[in-house]
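In case you want the letters, here they are:
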Amino acid sequence: MIADLQQVYVERYGDEDVTPVDPAQFAAPLGYFVIGYLDGVPVACGGWRVNDEVEGAAEIKRMYVVDSVRGKGLSRLVLAHLEVTAREAGLERMILETGLRQPEAIGLYTSSGYERIENFGVYRDHPESRCFGKPL
């Protein structure tokens with residue numbers, strides 16, 4: 001699924017997401033990653049990792065739902081689960097970065113209570129980057 005997600009970035013932005021992501025960053029207690037299945041097939045995923053730039057924050061990474069099951073509310077389920085697990089890990093807020101060419105992601109986050117925050121990370125100065133945050 002991560003390869004499929006990277007292909008989405010290529011199609012929309014012309015290149016893969018260059019944010020450094022090491023799978024070890026999603027290991028407890030400093031991270032978490034979930035995969036959702038339907039009929040034994042992986043169809044949704046997402047994770048969070050502690051973000052060193054924003055104190056007390058879990059940064060959402062690699063949220064993705066396969067095309068064939070979009071529109072069924074799976075992204076909201078994954079997002080809610082990530083928020084619960086981050087809160088249980090003692091974190092105080094969720095943050096994330098997305099881009100203007102992902103309006104469905106922006107819609108998901110804003111309708112879930114996320115508000116625009118100052119850009120951070122690799123895309124801090126990128127004009128198409130948008131960062132959002134939400135207290136837990």
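What you are looking at is a predicted structure, and each value in this text was computed from that prediction instead of being measured. Here the residue numbering is sequential within each chain, running from 1 through the sequence in written order. Confidence filtering applies because this is a predicted model: local features only for residues at pLDDT of at least 70, side-chain atom pairs given and counted only at 80 or more, and all residues used for totals across whole chains, interfaces and linings. The side-chain numbers reported here are obtained from all heavy atoms of the structure, hydrogens and water having been left aside.

Caption draft 1: Spatial organisation of the nonpolar core. Take the buried Ala, Val, Leu, Ile, Met, Phe, Trp, Tyr and Cys residues and link them wherever side-chain atoms come within 4.5 Å; each set so joined is a nonpolar core. The buried label goes to any residue with under 20% of its type's maximum accessible area, the exposed label to any with over 50%, and the partly exposed label to all in between, with areas taken from a 1.4 Å probe on protein chains only. One finds Ile60, Met63, Leu82, Met94, Tyr109 and Tyr114 to be the most contacted residues of the largest nonpolar core, which totals 29 residues. What counts as a helix is a DSSP run of H or I of at least four residues, what counts as a strand is a run of E of at least two, and both are numbered from the N terminus. Listed by contribution, the elements that provide at least two residues to this core are helix 1 (2-13), strand 2 (41-51), strand 3 (57-65), helix 2 (74-88), strand 4 (93-99) and helix 3 (103-111). Leave out the neighbours within four places in its chain, and Ile60 touches Gly47, Trp48, Leu79, Leu82, Met94, Ile95, Leu96, Tyr109 and Tyr114. The contact criterion used throughout is that any non-hydrogen atoms of two residues lie within 4.5 Å.

Caption draft 2: Structural context of the pattern of salt bridges. Put simply, a salt bridge is a Lys or Arg side-chain nitrogen that is within 4 Å of an Asp or Glu carboxyl oxygen. For the coordinates displayed, the defined rule picks out five salt bridges. Residues Lys134 and Glu83 are paired through a salt bridge, measuring 3.3 Å at the closest nitrogen-oxygen approach. Of this pair, Lys134 sits in strand 6 (residues 129-135) while Glu83 sits in helix 2, and the two are 51 residues apart along the sequence.

Caption draft 3: View of the pairing of strand 6. Within strand 6, six of the seven residues are buried, which leaves it mostly tucked inside the rest of the structure. As paired strands, strand 4 and strand 6 are joined by seven bridges and run antiparallel to one another. Paired with Gly99 across the strands is Ser129, a residue of strand 6. Of the strand pairs in this sheet, strand 5 (residues 115-117) and strand 6 are connected by three bridges, and their pairing is antiparallel. Looking at the pairing, Ile117 lines up with Cys131 of strand 6. Here the rule is simple: two strands pair whenever DSSP picks up at least two bridges between them.

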